[in-house]
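Chains, contacts and geometry: an overview
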Amino acid sequence: PHLAALVLARGGSKGIPLKNIKLLAGVPLIGWVLRAAIDAGVFHSIWVSTDHDEIEKVAKQFGAQVHRRSPEVSQDSSTSLEAITEFLNHHQEVDIVGNIQATSPCLHPSDLIKVADLIQKEGFDSVFSVVRRHQFRWSEVKKGENKMTEPQNLNPAKRYRRQDWPGELYENGSFYFAKRHLIEKGYLQGGKMAYYEMRAEHSVDIDIDIDWPIAEQRVLSFGYFGKEPLKEVKLLVCSIDGCLTNGRIYVTEDHKEMVSYDYRDIVGIDLLKKRGIQVRLISDRDCSKTLSAMQLGCVAKVNVTNKLQVLKDWQEDMDLSWKEVAYLGNEESDVECLKQAGMSGVPADACAAAQKAAGYICRSRGGCGAVREFAEHIFLLLEKVNSARKQ
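Residues numbered from 1 in each chain as written. Predicted model: local features only at pLDDT ≥ 70, side-chain atom pairs only at ≥ 80, totals over all residues. Heavy atoms only, no water.

Where we set the bar: UniProt positions are given in the numbering used here, feature names are shortened, and annotations may be inferred rather than shown by experiment.
In the annotation of an unreviewed UniProt entry, the chain is listed under the name N-acylneuraminate cytidylyltransferase and assigned to Cettia cetti. Among the UniProt annotations of the chain, the heading Pathway (unreviewed entry) holds the following wording: "Amino-sugar metabolism; N-acetylneuraminate metabolism." Quoted straight from UniProt, the Sequence similarities (unreviewed entry) entry for the chain says "Belongs to the CMP-NeuNAc synthase family."

This is the structure we're talking about:
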C-alpha cells in the first residue's frame with residue numbers, strides 16, 4: 001500500500017503570520033517534521049498541502065512534493081479532514097495518509113517508523129499520537145452558578161503521588177494516520193484504532209507566539225537533527241564583511257577606511273575561545289589593517305578568491321571532520337562553505353543564496369550581534385552533544 005506523509009501548511013494563520021515557515025532554532029518550522037519524515041524512510045511519498053508560494057518554496061527545499069490546495073479548503077473554517085480528502089481526490093495512488101502536524105517540531109523518525117508498522121503490518125485502520133499527563137481534573141463552575149466544583153479523576157482525601165499514578169492519555173496532535181477508506185467515510189480516527197504514546201519531551205505543539213522561545217529550547221534539547229550523530233564543534237570560520245561587521249565601509253577624506261562592529265560579537269568570540277573552539281576569520285578583500293586595529297587575536301586570511309579551498313586547508317591542517325567545523329557567512333562567495341561545514345549560519349540580512357544554504361539563520365543582522373548569537377547556538381548544540389554522550 002502507498003503510504004504518503006502529508007503536512008498541512010496553510011498560509012493564513014491568525015496567531016502567527018506564516019507560522020509554518022517561521023524560523024525555529026534556525027530552521028523553518030515545517031523543516032523539522034519534513035526532515036523526520038524523510039529520514040524515517042517508510043513513506044512512498046512526502047507532501048505539503050499549501051496555498052502559499054513561500055511555503056511551497058520551503059517545502060521543496062526540504063525535499064517534499066507540493067499539493068496546491070484550493071481556496072475552498074484554505075479558509076479559517078476549513079478542517080484538516082477537508083484538506084486531506086481533497087488531497088486524496090487528486091492522488092488516487094495513495095492508500096494510507098500519515099497526516100503530520102507542522103507544529104510538532106520534536107517529532108523523531110523512530111516514532112514514524114513504529115506507527116507505519118502498526119498500520120501496515122499489524123492491520124490497524126488508524127493510529128494517532130498521544131502523550132501521558134499527570135494532571136488532576138475538576139468540573140467547571142460557570143459564573144453565576146450556585147454549585148461547587150467536583151473532582152473528575154481523583155479522590156481529594158486520597159490524592160495520588162505521581163509515581164503511584166499512571167496518569168491519563170491525551171492526544172498531542174503530532175500525527176494522525178488513517179487508511180483511505182476511513183477518510184472517504186469522513187473519519188481520521190475509526191475502524192481498528194490504536195494510539196501511539198510519544199515521550200513527553202517530544203510532545204511540543206506550537207499554537208501561540210509566547211510558546212516560541214520555550215519551543216526553541218525544547219527543540220535544541222530534544223529535537224531531531226539528522227541521521228549522523230552530532231560532534232563537538234572545534235573550529236568556527238567567520239566571514240568578516242557582513243558577519244563580524246555590517247558590511248559598510250566608511251571612507252575618510254584622506255582615503256582611510258573605517259568599519260563598525262558590535263562589542264557583543266567580540267564577547268562571543270572570546271567565549272568560543274574559552275570553550276576551546278578556535279575562531280578564524282576570512283574575507284574576499286584585503287582588510288588586514290582593520291583586523292589589526294580590532295586586535296581579536298584570531299588567525300585570518302584576507303584577499304581570498306576561493307574561500308572553500310581555504311576552509312578545506314584549515315580543516316585538514318587541524319585534522320577535523322566536517323562535523324567539527326562551523327561556518328558563518330553571508331554572501332554568494334560563502335555558499336559552498338556553508339554547504340560543506342557541519343554547522344552553518346548566516347545573519348538575518350544575508351543574501352538569499354546564503355540563507356538557502358545555511359542550517360541556521362540568525363535573528364541579528366551582520367555587525368549587530370550575529371556572531372554572538374551563532375556562538376550561543378553552538379553552545380546549545382554542544383550541550384546536546386554532551387547530553388547524548390552521557391546517555
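1. What to know about the overall build of the chain
What counts here: The numbering of helices and of strands both runs from the N terminus, where a helix is a DSSP run of H or I of at least 4 residues and a strand a run of E of at least 2. For every residue, the accessible area (1.4 Å probe, protein chains only) is compared with the maximum for its type, and the residue is labelled buried under 20%, exposed over 50%, or partly exposed between those bounds. Any two residues having at least one pair of non-hydrogen atoms within 4.5 Å are treated as being in contact. The protein chains shown are the only cover counted for residues, whose accessible areas, like all others here, come from Shrake-Rupley with a 1.4 Å probe.
For the chain, the helix and strand inventory stands at 13 helices and 17 strands. For the chain, the spread of C-alpha atoms along the principal axes amounts to about 80 × 55 × 45 Å. Residues counted as buried form 50% of the 391 residues belonging to the chain. Put simply, 65% of the contacts in the chain that link residues at least 6 apart link residues at least 24 apart. Total accessible area on the chain stands at roughly 19900 Å², and carbon and sulfur atoms take up 48% of it.

2. Notes on helix H4 (residues 109-120)
Note the cut-off: In a helix, the anticipated span is given by 1.5 Å times the number of residues less one.
Between its first and last C-alpha, H4 extends 16 Å over twelve residues, near the 16 Å set by a 1.5 Å rise per residue. Every buried residue of H4 is accounted for by Pro109, Asp111, Leu112, Val115, Ala116, Leu118 and Ile119. Of the surrounding secondary structure, the elements contacted by the buried residues of H4 are strand E1 (3-8), helix H1 (29-40), strand E6 (96-100), strand E7 (126-133), strand E8 (168-179) and strand E9 (193-198).

3. Points about the sheet that holds strand E14 (residues 299-301)
Stated precisely, the cut-off is as follows: Note on pairing: two strands pair once DSSP finds at least 2 bridges between them.
Taken in spatial order, the six strands line up as E14-E13-E10-E15-E16-E17 in an open sheet, and their pairing is parallel. Strands with a single pairing partner mark the edges of an open sheet, and in this sheet they are E14 and strand E17 (360-361). In this sheet, strand E13 (residues 278-282) lies alongside strand E10 (residues 235-239) in parallel orientation, the contact comprising five bridges. Counted as the bridge partner of Cys238 is Leu281 from E13.

4. Considerations on the nonpolar core
Test applied: By nonpolar core is meant a set of buried Ala, Val, Leu, Ile, Met, Phe, Trp, Tyr and Cys residues that side-chain atoms within 4.5 Å join together. Domain ranges listed in this record stem from an automatic or a database domain assignment.
One finds Leu244, Leu281, Phe374 and Ile378 to be the most contacted residues of the largest nonpolar core, which totals 43 residues. Ranked by residue count, the leading element in this core is helix H13 (residues 370-390), at eight residues. Lining this core are residues from two domains, each supplying at least three of them: domain 1 (3-222) and domain 2 (235-389). Counting 37 residues, the second-largest nonpolar core is a separate cluster that includes Ala36, Ala37, Ala40 and Leu112.

5. Digging into the sheet that holds E1
So the rule is basically this: Structural elements are reduced to axes, namely lines fitted to C-alpha atoms, with helices fitted over the stretch in contact, and the angle between N-to-C directions of any two is expressed from 0 to 180 degrees.
The strand order across the open sheet built from seven strands is E5-E4-E1-E6-E8-E7-E9, with neighbouring strands paired in mixed fashion. Whereas interior strands pair on both sides, the edge strands pair on one side only; in this sheet they are strand E5 (65-68) and E9. Here the strands of the sheet are splayed against their neighbours by 30 degrees on average, with no regard to which way each runs. Packed on one face of the sheet, helix H3 (residues 80-90) meets E1, strand E4 (45-50), E5 and E6 and runs near 135 degrees to E1.

6. As for the environment of Ser174
For the record, the criterion: For this analysis, a polar contact is any N or O atom pair within 3.5 Å, provided that within protein one partner can donate a hydrogen and the other can accept it, and provided that sequence-adjacent residues contribute only side-chain to side-chain pairs.
Its location among the elements puts Ser174 in strand E8. Taking C-alpha positions, Ser174 is 31 Å from Val141, a pair spaced 33 residues apart along the chain. Setting aside its immediate chain neighbours within four residues, Ser174 contacts Asn99, Ile100, Gln101, Ser104, Ser129 and Met198. Within the local environment of Ser174, its side chain forms a polar contact with the side chain of Ser104, the two groups lying 3.4 Å apart.

7. As for unusual backbone geometry
The phi angle at Asn303 is positive, at roughly 60 degrees, despite the residue not being glycine. Assignment of secondary structure puts Asn303 in the loop between E14 and helix H10 (307-317). Of note in the backbone geometry, Asp319 takes a positive phi value of approximately 55 degrees without being a glycine. Of note, Asp319 is situated in the loop between H10 and strand E15 (325-328).

8. What to know about H10
Count 3.6 residues to each turn of an α-helix, and residues three or four apart come out pointing the same way. Quick note on the threshold: This arc is taken over the directions from the axis of the helix to the C-beta atoms.
Every buried residue of H10 is listed here: Lys307, Leu308, Val310, Leu311, Trp314 and Gln315. Projected down its long axis, H10 carries its buried residues within an arc of 160 degrees, all on one side. Relative to its buried face, H10 has exposed residues pointing more than 90 degrees away, namely Glu316 and Asp317. Each element contacted by the buried residues of H10 is listed here: E10, E13, E14, E15 and helix H11 (335-340). Structurally, the start of H10 carries an N-cap: the backbone nitrogen of Leu308 is 3.3 Å from a side-chain oxygen of Asn306. Of the residues one or two after H10, Asp319 is the one with positive phi, at around 55 degrees.

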